[in-house]
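Each chain, letter by letter, is given below.
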Amino acid sequence: MHNLFDDLNPPQRRLMGPGPVDADPRVLNAMSMPLLGQFDPAFTSYMNEVMVLYRQLLRTENRWTFLIDGTARAGIEAALVSLISPGDRVLVPIFGRFGHLAAEIATRCGADVRTIEVEWGRVFEPSQVIAAIREHRPQIVSVVHGDTSTTMAQPLAEIGAACREEDVLLHVDATATISGIDMRVDEWQIDVLTAGLQKCLSGPPGCAPITFNERVEARVLERKHIEQGIRPAGFEAATGMIIASNYFDLTMLMDYWSESRLNHHTEATSMLYAARECARIALQEGLEERFARHARASRAVCAGLDAMGLVRFGDQAHKMANVTGVEIPSGVTGDAVRSMMLEDFGIEIGTSFGPLAGRIWRIGTMGYACRKENVMVCLMALEAALCAHGYRPPPGEGVAAALSAWNEPDA
Ligand SMILES: Cc1ncc(COP(=O)(O)O)c(C=O)c1O
């Protein structure tokens, strides 16, 4: 007898944590389309369309704009393992958990990793990063745009300009901000940017958009290699050290995503359909309108929390628009409130990690989940759960304040 378990029947939730968040039904629909062979001309056209769509989304002219199969950290690994030769110096400014992640990945790639840190809840003054670049003289800087662990967003334009001036390559992890907060790859002189679908793009986790410019292309081509077995006659590998990962070797992925269509992995067909639909939805809405919608939701969540007498976490001048951190009032058990919101209201919000574990909740308003009714229902549920756990906000004031903040004209 086999144990077949029940049919899949996941509970209906509103995913309003730091991600993953609710997928847009159009994306789920796209994922149910028939599979195609990866060299089917219909499929390779979809690959080309994805490249065009993500160039527009990221406001870049970069030819190399495609997808890495795997969750967002697959994109980070692809960028770093392809760029870092053992011994290269990499500077990572850390203002939350995901800076630590980049430093760890760079360490695994054999880099001489230098870090600078600020307290969680703050970001760097660009001058601090620029001073560290001058002190450590790295080949690469890897920085997170919005670190969901702290809900803070690092301004990037000045760091980009300094990296270019010092001839340093800049990697940006935009997993948590792509299509939710303004991002200008070319204008801000970002050399390589990696992201994910599962936050403001409202897709499932499992695909990492990447874009990189000619500076990165030149660096990785110094290590170009092609698998024996598919190597064209006469091919000579570059003299640089072979990239330590086959799966994440950007030089082989470039062959796969260009006219030569040199075989690599089997493309994750349904994820590509998802990524394509995510980008179409964002561009159809319009980037400026999308950023404004996330800012509106942030304004409403903040007004609601304030009216409930709660304390927002961190440096509010650098708060991410798509996720809000709020301190757990003393005497309240954060996880008990979260469980009640999940079990009694079907709403998921997040806690955090490391120094912030049990200290803050994180409320995400991202992509498809970034809607007026979601903000209101979430605040109502939070109020009810707080009352049940010993904290009594002024009744109804959170939602009333959030509603009027949402309805205010945008600045
Ligand atoms: C800023 C940032 N970087 C990287 C990641 C890691 O992404 P994944 O879990 O998809 O590998 C996350 C996930 O929350 C994130 O918020």
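For the structure itself, consult the block above.
Residues numbered from 1 in each chain as written. Predicted model: local features only at pLDDT ≥ 70, side-chain atom pairs only at ≥ 80, totals over all residues.

Asker: Help me understand the overall build of the protein chain, please; the structure alone is not making it clear to me.
Answerer: Across its full length, the protein chain carries 13 helices and 13 strands. The C-alpha atoms of the protein chain give a radius of gyration of 22 Å, which matches the 22 Å a tight globule of 411 residues would have. Along the first, second and third principal axes, the C-alpha set of the protein chain runs to 75 × 60 × 50 Å. The contacts of the protein chain with a sequence gap of at least 6 include a subset with a gap of at least 24, amounting to 73%. (Helix = DSSP H or I, 4+ residues; strand = E, 2+ residues; numbered from the N terminus. Rg over C-alpha atoms; globule rule 2.2 N^0.38 Å. Contact = placed C-beta atoms within 7 Å.)

Asker: Explain helix 12 (residues 372-388) to me, please; I cannot follow it from the model alone.
Answerer: What sets the pattern is the α-helix's 3.6 residues per turn: residues three or four places apart point alike. Under the 1.5 Å per step criterion, the end-to-end length of helix 12 is 25 Å for 17 residues, consistent within 8% with the ideal 24 Å. All of the buried residues in helix 12 are Asn-374, Val-375, Cys-378, Leu-379, Ala-381, Leu-382, Glu-383, Ala-385 and Leu-386. Gly-390, located one to two residues past helix 12, shows a positive phi value of around 95 degrees. (Expected span 1.5 Å × (residues − 1). Buried ≥ 20, exposed ≤ 12 C-beta atoms within 10 Å, placed from the backbone.)

Asker: Looking at this structure, how should I read the environment of Ile-178?
Answerer: For Ile-178, the location among the structural elements is in the loop between strand 8 (169-173) and strand 9 (192-194). C-beta crowding within 10 Å serves as the criterion here: with 28 such atoms nearby, Ile-178 is assigned to the buried category. Excluding its chain neighbours within four sequence positions, the residues that come into contact with Ile-178 are Met-183, Ala-195, Cys-200 and Leu-201.

Asker: What is the right way to read the site of the ligand from this model?
Answerer: Near the ligand, the surroundings consist of 13 residues, among which Thr-71, Ala-72, Arg-73, Thr-148 and Thr-175 are the closest. Across the shell around the ligand, the residue classes break down as 5 nonpolar, 5 polar and 3 charged. (Near = placed C-beta within 6 Å. Nonpolar A, V, L, I, M, F, W, Y, C, P; charged D, E, K, R; others polar.)

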